[in-house]
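Chain by chain, the residues:
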Amino acid sequence: MRADLIIVGAGMVGSTLALALEHCGLDILIVDGSPLSVAPFDARAPFEPRVSALSMASQRILERLGAWQGIATRRASPYGEMRVWDGSGTGSIHFAAASVHAETLGHIVENRVVQDALLERLHDSQIGLLPGARLEQLRRSGDDWLLTLTDGRQLRAPLLVAADGANSAVRRLAGCATREWDYLHHAIVTSVRCERPHQATAWQRFTDDGPLAFLPLAGPAGEHWCSIVWSTVPVEAERLMALDDEAFCVELGKAFESRLGMVLHADRRLCIPLRQRHAKRYVEPGLALIGDAAHTIHPLAGQGVNLGFLDAAVLAEVLLHAAERGEHLSDERVLSRFERRRMPHNLAMMAAMEGFQRLFQADPLPLRLLRNVGLDLVDGQAEAKALFVRQALGLAGDLPELARA
Ligand SMILES: Cc1cc2nc3c(=O)[nH]c(=O)nc-3n(C[C@H](O)[C@H](O)[C@H](O)COP(=O)(O)OP(=O)(O)OC[C@H]3O[C@@H](n4cnc5c(N)ncnc54)[C@H](O)[C@@H]3O)c2cc1C
């Protein structure tokens, strides 16, 4: 099977790229190891444990690609405020969408919901979709990439995009150099029912062992649900995972200083080891890496997939402009335009997350004092906070057209 462009990975990021190129006249094939089926949405079903805080920029991209409607009709929780505080001090900071005249800071959406809304659009499009297609081998064959799937089928294309996630097979098989290191953190994720309303606020407490986030979910009337991301050292994560539900709720409530009253119930827990990865280059002739295949960062600021959506939108824009000018899309000079626009932004975000994480895990007293004073200082600076809010909305920097107002 041959195509002009093969995208490996029909996750949130790969699907977004395919849809952004839907009308460009290229013969596109998107392949994924999973069945790529869309389950009927059941509003009474428990929340999926994996959620993402989607920025305004991501919302705009998904709106323009016709996928936001499918998200909004399923389940999405807007949040307008963010409260962050230091669990071992007194410093705190509060952000509000209203400070930049925005209605929301973003939406908390289950990953499954985003994925299904995108898949629904893909199934309705002319884009070639190959489910159950797991990449096993990859090599150059003339000007093409030759892909061999686990069932022996072969695919070829002059342009290949890796959107196959953190453990990207394309990245590994193509020999792309990557810098990676362990955060020495595991993230426990689940959905919890709290005693008190979440006030459409994203809450984050920095504990000595790592950040604990309570993200608002749109639960049934009269019930107050949050998605939690509890990042902590592996040995503590193992201990917390081994607790029964009741004991886990008690420990979680304590770690969160009972800001939303008691934690009344916790759903099934998942424990995810956290690693930072960054490909040294996002492109080589005929190949581009996007989303988690190019970079994975600590979830403390909920930015991973937001960066991935911007990668997809920028790559689509670069390819569309190059096609208009009659350039070869697999030319490294063309693909490098994508890398030049996205790498500095992704690196800056990764560095900021790294700095945050280190500062809040630092034990020496001067650093503790600094972060408490620093948080309170910034909290009093309306302009500095507005800058941060624009970053959180994803509206700072070099935006692709799909993400602009
Ligand atoms: C605890 C936690 C919380 C997070 N919270 C947030 C948040 O609030 N906001 C945010 O923006 N980000 C968040 N993230 C990050 C976000 O989840 C990821 O950035 C995002 O899922 C990456 O999407 P992707 O499409 O690049 O990759 P993936 O979602 O991993 O998709 C990869 C796709 O490739 C397919 N695939 C893999 N290997 C192969 C193969 N060999 N052959 C064929 N197909 C293959 C898979 O089946 C999958 O469909 C969080 C991450 C974690 C761990």
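Look up a bit, the structure's there.
Values in this document were obtained by computation on a predicted structure and should not be read as measured data.

Topologically, Ala43 is positioned in the loop between β2 (28-31) and β3 (51-54). Exposure remark for Ala43: the relative accessible area of 58% places this residue in the exposed category. Expressed as a C-alpha distance, the spacing of Ala43 and Arg268, which sit 225 residues apart in the sequence, is 18 Å.

Bringing the packing of aromatic side chains into the picture now. Under the criterion given, the structure shown has seven aromatic pairs. A ring pair is formed by Trp85 and Trp203, whose centres lie 6.5 Å apart and whose planes are at 90°; its orientation type is edge-to-face. A residue pair is termed long-range when its members are at least 10 positions apart, and Trp85 in strand β5 (residues 81-86) and Trp203 in strand β14 (residues 201-207) qualify at 118 residues. Judged by centre distance (5.9 Å) and plane angle (50°), the rings of Trp230 and Phe248 are tilted. Of this pair, Trp230 sits in strand β16 (residues 224-232) while Phe248 sits in helix α7 (residues 245-255), and the two are 18 residues apart along the sequence. Each member of the pair Trp230 and Phe248 is classed as buried. The rings of Trp85, Trp203, Phe214 and Phe256 are connected pair by pair, giving a single aromatic cluster. One cation-aromatic arrangement involves Arg259 over Trp85; the distance from NZ or CZ to the ring centre is 3.8 Å. A cation over a ring is seen here: Arg269 above Phe248, with NZ or CZ 4.2 Å from the ring centre.

Turning our attention to the sheet that holds strand β8 (residues 128-130). Strand order across the open sheet formed by six strands is β8-β2-β1-β12-β20-β19, with mixed pairing between neighbours. Each of the sheet's edge strands pairs with one partner strand only, and the pair in question is β8 and β19 (283-284).

Looking at the ligand, there are 29 residues lining it, with Asp32, Ala53, Leu135, Asp292 and Val305 nearest. Here an oxygen atom of the ligand and a side-chain polar atom of Arg50 are 3.2 Å apart. Gly302 places a main-chain nitrogen or oxygen 3.0 Å from a nitrogen atom of the ligand. If the ligand stood free it would expose 1,000 Å²; the protein chains cover 85% of that surface. Among the residues forming the shell around the ligand, the class breakdown is 13 nonpolar, eleven polar and five charged.

What follows is about the sheet that holds strand β11 (residues 154-157). Overall, antiparallel pairing links the three strands, which are arranged β9-β10-β11 in an open sheet. On the outer flanks of this sheet lie β9 (135-141) and β11, each paired with one strand and no other. Taken over all neighbouring pairs, the strand axes of this sheet differ in orientation by 20° on average, direction set aside. Two strands pair when backbone bridges link them, and β9 and strand β10 (residues 144-149) are joined in this way by six bridges, in the antiparallel orientation.

Burial along strand β12 (residues 159-162) is two-sided: the residues Leu159 and Val161 and Leu160 and Ala162 are all buried. Across four bridges, the pairing between strand β1 (residues 5-8) and β12 is parallel. Directly across from Ile7, in β12, lies its bridge partner Val161. The sheet contact formed by β12 and strand β20 (residues 287-289) spans three bridges and is parallel. From the neighbouring strand, Ala162 faces β20, where its bridge partner is Leu289.

Criteria and thresholds
Starting afresh in each chain, residues are numbered from 1 along the sequence in its written order. Residues qualify for local features only when their pLDDT is at least 70, as the model is predicted, and side-chain atom pairs are given and counted only at 80 or more; totals for whole chains, interfaces and linings, by contrast, use all residues. As a rule here, side-chain values come from all non-hydrogen atoms in the structure, and water together with hydrogens is ignored. Each helix is a run of H or I in the DSSP string that is no shorter than four residues. Each strand is a run of E no shorter than two, and both are numbered from the N terminus. A simple rule labels every residue: compare its accessible area, found with a 1.4 Å probe on the protein chains alone, to the largest value its type can have, and call it buried under 20%, exposed over 50%, or partly exposed in between. Working definition: rings of Phe, Tyr and Trp (its six-membered ring) pair if their centres are within 6.5 Å, and the pair is stacked with planes under 30 degrees apart, edge-to-face with planes over 60 apart, and tilted otherwise. Counting as a charge over the ring demands two things of the Lys NZ or Arg CZ atom: a distance within 6 Å of the ring centre and an angle within 35 degrees of the ring normal. Think of it this way: DSSP has to see at least two bridges between two strands before they count as a pair. The criterion for a residue being near a molecule or strand is simple. One of its heavy atoms has to lie within 4 Å of it. Definition of a polar contact: a pair of N or O atoms within 3.5 Å, with one able to donate and the other able to accept a hydrogen when the atoms are protein atoms, and with sequence-neighbouring residues admitted only if both atoms are side-chain atoms. Using a 1.4 Å probe, accessible areas were evaluated by the Shrake-Rupley method; residue-level cover was limited to the displayed protein chains. Residues are grouped as follows: Ala, Val, Leu, Ile, Met, Phe, Trp, Tyr, Cys and Pro are nonpolar; Asp, Glu, Lys and Arg are charged; every other residue, Gly included, is polar. For helices, the fitted axis covers only the stretch in contact; all axes are lines through C-alpha atoms, and the angles between them, taken along N-to-C directions, range from 0 to 180 degrees.

Function-wise, these values are silent; they only describe arrangement.
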